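Here is how the chains run, residue by residue.
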Amino acid sequence: MNHPSDLKYAATHEWVKIEGDLVITGISDHAQDALGDLVYVEAPEVGSRVTAGAQAGVVESVKTASDIHAPVSGEVVEVNTALEDDPDFVNDDPYGKGWIYKIKPDNIADVEKLLSNTEYEAGL
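Sequence order sets the numbering: in each chain, residues are counted from 1 along the sequence as written. Local features are withheld for residues below a pLDDT of 70 in this predicted model, meaning they are given only at 70 or higher, and side-chain atom pairs are given and counted only at 80 or more; totals for whole chains, interfaces and linings count all residues. Hydrogens are left out, water is left out, and the side-chain values use all remaining heavy atoms of the structure.

Enquirer: Is there a simple way to explain the sheet that holds strand β6 (residues 55–61) in this structure?
Expert: The strands making up a sheet are joined through hydrogen bonds of the backbone, oriented either antiparallel or parallel. Strands pair, by our definition, only if DSSP identifies at least two bridges between them. Each helix corresponds to a stretch of at least 4 residues labelled H or I by DSSP, and each strand to a stretch of at least 2 residues labelled E; elements are numbered beginning at the N terminus. Taken together, the three strands give an open sheet; going across it, the order is β4-β6-β7, and neighbouring strands pair in antiparallel fashion. For this open sheet the edge positions go to β4 (38–42) and β7 (65–69), each flanked by a neighbour on one side alone. Averaged over all neighbouring strand pairs, the angle between strand axes comes to 20°, with direction disregarded. Strand direction decides the pairing type here: β6 and β7, joined by five bridges, are antiparallel. Only the stretch in contact is used when a helix axis is fitted, and all axes are lines through C-alpha atoms; the angle between N-to-C directions ranges over 0 to 180 degrees.

Enquirer: Looking at this model, I keep getting lost on the side chain of Lys 102. Mind explaining?
Expert: Locating Lys 102 in the fold gives a position in strand β9 (residues 101–105). The exposure class of Lys 102 is buried, given its relative accessible area of 12%. A distance of 3.3 Å separates a polar atom in the side chain of Lys 102 from a polar atom in the side chain of Glu 19. Not counting chain neighbours up to four residues away, the residues in contact with Lys 102 comprise Glu 19, Leu 22, Val 23, Ile 24, Glu 75, Val 76, Val 77 and Glu 78. Whether a residue is buried, partly exposed or exposed follows from its accessible area with a 1.4 Å probe, protein chains only, as a fraction of its type maximum: under 20%, in between, or over 50%, in that order. Definition of a polar contact: a pair of N or O atoms within 3.5 Å, with one able to donate and the other able to accept a hydrogen when the atoms are protein atoms, and with sequence-neighbouring residues admitted only if both atoms are side-chain atoms. We call two residues contacting when some pair of their heavy atoms lies within 4.5 Å.

Enquirer: It is not clear to me how the pattern of salt bridges should be interpreted in this structure. Could you clarify?
Expert: Opposite charge on two side chains lets them pair, provided their charged atoms get close. What makes a salt bridge here is a side-chain nitrogen of Lys or Arg within 4 Å of a carboxyl oxygen of Asp or Glu, nothing more. Per the stated rule, a full pass over the model turns up six salt bridges. With its nearest N and O atoms 3.2 Å apart, the salt bridge here joins Lys 113 to Asp 110.

Enquirer: When you look at a nonpolar patch on the surface in this model, what are you seeing that I'm missing?
Expert: A cluster of nonpolar side chains, namely Val 39, Tyr 40 and Val 62, defines an oily patch on the protein surface of about 290 Å² accessible area. By the secondary structure assignment, Val 39 is in strand β4. Residue Val 39 is classed as partly exposed on the basis of its relative accessible area of 47%. Think of a patch as exposed residues, more than 30% relative accessible area, with no salt bridge, where like charges cluster within 9 Å and nonpolar side chains (Val, Leu, Ile, Met, Phe, Trp, Tyr) cluster within 5 Å. Accessibility throughout is a Shrake-Rupley quantity obtained with a 1.4 Å probe, and a residue counts as covered only by protein chains that appear here.

Enquirer: Teacher, can you tell me more about the packing of aromatic side chains here?
Expert: How two aromatic rings sit relative to each other is given by the distance of their centres and the angle of their planes. Stacked, tilted and edge-to-face are the three classes applied to pairs of Phe, Tyr and Trp rings, where Trp contributes its six-membered ring and a pair requires centres within 6.5 Å; stacked means planes under 30 degrees apart, edge-to-face means over 60, and tilted covers the rest. Enumeration according to the criterion identifies two aromatic pairs in this entry. An angle of 15° between the planes, with centres 4.9 Å apart, marks the rings of Tyr 9 and Tyr 120 as stacked. Remark: Tyr 120 occurs in helix α4 (residues 117–122) and Tyr 9 occurs in strand β1 (residues 8–9); sequence separation between them is 111 residues. Residue Tyr 9 is classed as buried on the basis of its relative accessible area, which comes to 0%. A centroid spacing of 5.6 Å and a plane angle of 65° characterise the contact between Trp 15 and Tyr 95, whose relative ring orientation is edge-to-face. With Trp 15 in strand β2 (residues 14–19) and Tyr 95 in the loop between α3 (89–92) and β9, this residue pair connects regions lying 80 residues apart in the sequence. The burial state of Trp 15 is the same as that of Tyr 95; both residues are buried. Only Lys NZ and Arg CZ are tested; either one counts as a charge over a ring when it is within 6 Å of the ring centre and within 35 degrees of the ring normal. Against the face of Trp 99 rests Lys 102, its NZ or CZ located 5.0 Å from the ring centre.

Laid out in structure tokens, this is it:
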């Protein structure tokens, strides 16, 4: 499994990358591998508020559906609309083309409360 050390992770298998004052998030390589081939990604709506730990969306695969949880609280400012036509970007490139949405966090410092890649991998 590939879990880059420059990202933070939630125990619920979401990853986070800080980009300026925004947080980019998606599901980890481990999560996409466990789900199998994705067929649908439901991201939260732009302008909606998400709460850390709460359901923010859904990913569906040929095997099952799984909730996406918000890693931090804040406002959704952008979603990856390319996933509407190509949800397999999450399988092929979970940390690049497969990002799911961006949040303007209430408190950017909340990212530091998430897991490092080694802490995340230890919990798998």
